[in-house]
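Fold and geometry: a report
Next come the chains, spelled out residue by residue.
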Amino acid sequence: MSERPSQGLSFRGTLPRGRRLMIAVLASVAVLALWEVATRFGWMNALFFPPPSTAFATLIDMIEEKNLLYHAMVSTGRVWLAFGLSVVMAIPLGMVMSSFPAVGAALEPIVDFIRYLPVPALVPLSIIWFGVGEETKIFLLWLGTFFQLLLLVADDMRRVPQEYIEIAYTVGARPTQMLSDVAFRAMLPNLFDNLRVTLGWCWTYLIIAEIVAADSGLGFVIWAARRYMNTSEVMAGVVAIGLIGLFTDQALRVLHKFMFRYL
C-alpha cells in the first residue's frame, strides 16, 4: 500500500502557514544564491546581470544619496491615482454591462478593440492630447488598467448565482438594490482578488508612463541609469519596484482574509 503524498505536493493540498513561509523564504534565498554564484564565477556577465549583493548595495546607496525613497513615493502616488480612477469607473460600468444586455452589446466591441491596443503605441497621441505633464503619465497608467479591469468586473458580475437575483426579486428588490445590495456583495471577494491583480498590471506600465518628460519617479530613475549603461542602478530600481509590489500584494492578501473570513 503506497504512502499518502505530502499535503504540500498533493493536488490542492494544504500547508501550515509557517511551513508555507519557510518554503517561500528558502526558495527566494536559493534563487538569489544561484544568481550570485553564477555572476561571481563568470557564468553570467556582471555588466548586464549585476549580482544581488551589488544590486542591494546600490539600492541602499541610492536611498541615502539619490532620494530613491522620494522617487518611489512619486511613482506610488501616480500608480494609485490611476488605479483609483480605473476602479471608480470600471466597477459600476462593468456591473451595468453585465446586467443589461443592450449596454453590454454596445460597449463590448469598443472595449475589446481598445484593450488590445499596445500602450506604448499610444504615447505620441497621449502627448498630443495632454502635453508632457502629469496628465499624460496618469492617462497611460489608467489606459493599461481600466479596460482590462472592466472585463474582469463584468465577468465577476456574470458569476453571481441567478438564485440570488431571483430571491431578491421575490422580496421586492429594485434594480438599484439588486446591483448594490445583492450583486456587489456577492461578487466582492472575487472582485477584490481581481483588483489586486490589476494593481500589479498598473505597475507594469510605470516605465512607459515615466519616460514622458519625467524628472521624478522610479521609471525616470531606471531610464536615466539605462542611458549611461549603469546596470546596477537599473537593477536597483527594478528591485525597488518589485519590493513595493511584494509588500503591497501581501498586505492586500492579509486584508482579503480579514474582510472575507467567512470564505
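Located above this text is the structure these notes cover.
**Details of a nonpolar patch on the surface**
Taken together, Leu-32, Phe-56, Leu-243, Leu-246 and Phe-247 make up a surface patch of nonpolar side chains, about 430 Å² in accessible area. With 3 residues, helix H11 (residues 231-259) is the largest single contributor of residues to the nonpolar patch. In this structure, Leu-243 sits in helix H11.

**Some details on the packing of aromatic side chains**
Scanning the model with the defined rule gives 10 aromatic pairs in all. Geometrically, the ring pair formed by Trp-129 and Phe-130 is edge-to-face, given 6.5 Å between the ring centres and 90° between the ring planes. By relative accessible area, which is 36% here, Phe-130 ends up partly exposed. With 4.9 Å between their ring centres and 40° between their planes, Phe-130 and Phe-139 make a pair best called tilted. Aromatic ring contacts, followed pair by pair, group Trp-129, Phe-130, Phe-139, Trp-142, Phe-146 and Phe-147 into a single cluster.

**Structural notes on the nonpolar core**
Residues Met-95 and Leu-218 are the most contacted members of the largest nonpolar core, which totals 60 residues. Put simply, the parts of the chain that give this core at least two residues each are helix H2 (52-65), helix H3 (68-99), helix H6 (134-158), helix H7 (162-170), helix H8 (175-204), helix H9 (206-210), helix H10 (218-227) and H11. For this core, the leading source of residues is H6, giving 13 residues. Those residues in contact with Leu-218 that lie beyond four places of it in its chain are Leu-68, His-71, Ala-72, Ser-75, Leu-206, Glu-210, Ala-240, Ile-241 and Ile-244.

**Structural notes on the pattern of salt bridges**
For the coordinates displayed, the defined rule picks out 11 salt bridges. Between Glu-134 and Arg-78 there is a salt bridge, and its shortest N-O distance comes to 2.7 Å. Remark: Arg-78 occurs in helix H3 and Glu-134 occurs in helix H6; sequence separation between them is 56 residues. For Asp-156, the salt bridge goes to Arg-159, with nearest N and O atoms at 3.3 Å. For Asp-156, a relative accessible area of 4% puts it in the buried group.

**Here's the deal with helix H4 (residues 101-115)**
Counted at 1.5 Å a residue, the expected span for H4 with its 15 residues is 21 Å, and the 20 Å between its end C-alpha atoms agrees. At Leu-107, H4 is bent by approximately 35°, the largest bend along its length, and proline Pro-109 sits one to four residues beyond.

What counts as what
Residues numbered from 1 in each chain as written. Predicted model: local features only at pLDDT ≥ 70, side-chain atom pairs only at ≥ 80, totals over all residues. Heavy atoms only, no water. Patch = residues over 30% accessible without salt bridge, like charges linked within 9 Å, V, L, I, M, F, W, Y side chains within 5 Å. Areas by Shrake-Rupley, 256 points an atom, 1.4 Å probe, with all protein chains shown as cover. Salt bridge = Lys/Arg side-chain N within 4 Å of Asp/Glu carboxyl O. Helix = DSSP H or I, 4+ residues; strand = E, 2+ residues; numbered from the N terminus. Phe/Tyr/Trp six-rings, centres within 6.5 Å; stacked < 30°, edge-to-face > 60°. Buried < 20%, exposed > 50% of the residue type's maximum accessible area, 1.4 Å probe, protein only. Core = buried A, V, L, I, M, F, W, Y, C linked by side-chain atoms within 4.5 Å. Contact = heavy atoms within 4.5 Å. Expected span 1.5 Å × (residues − 1). Bend = angle between axes of the 7 residues up to and from the residue.

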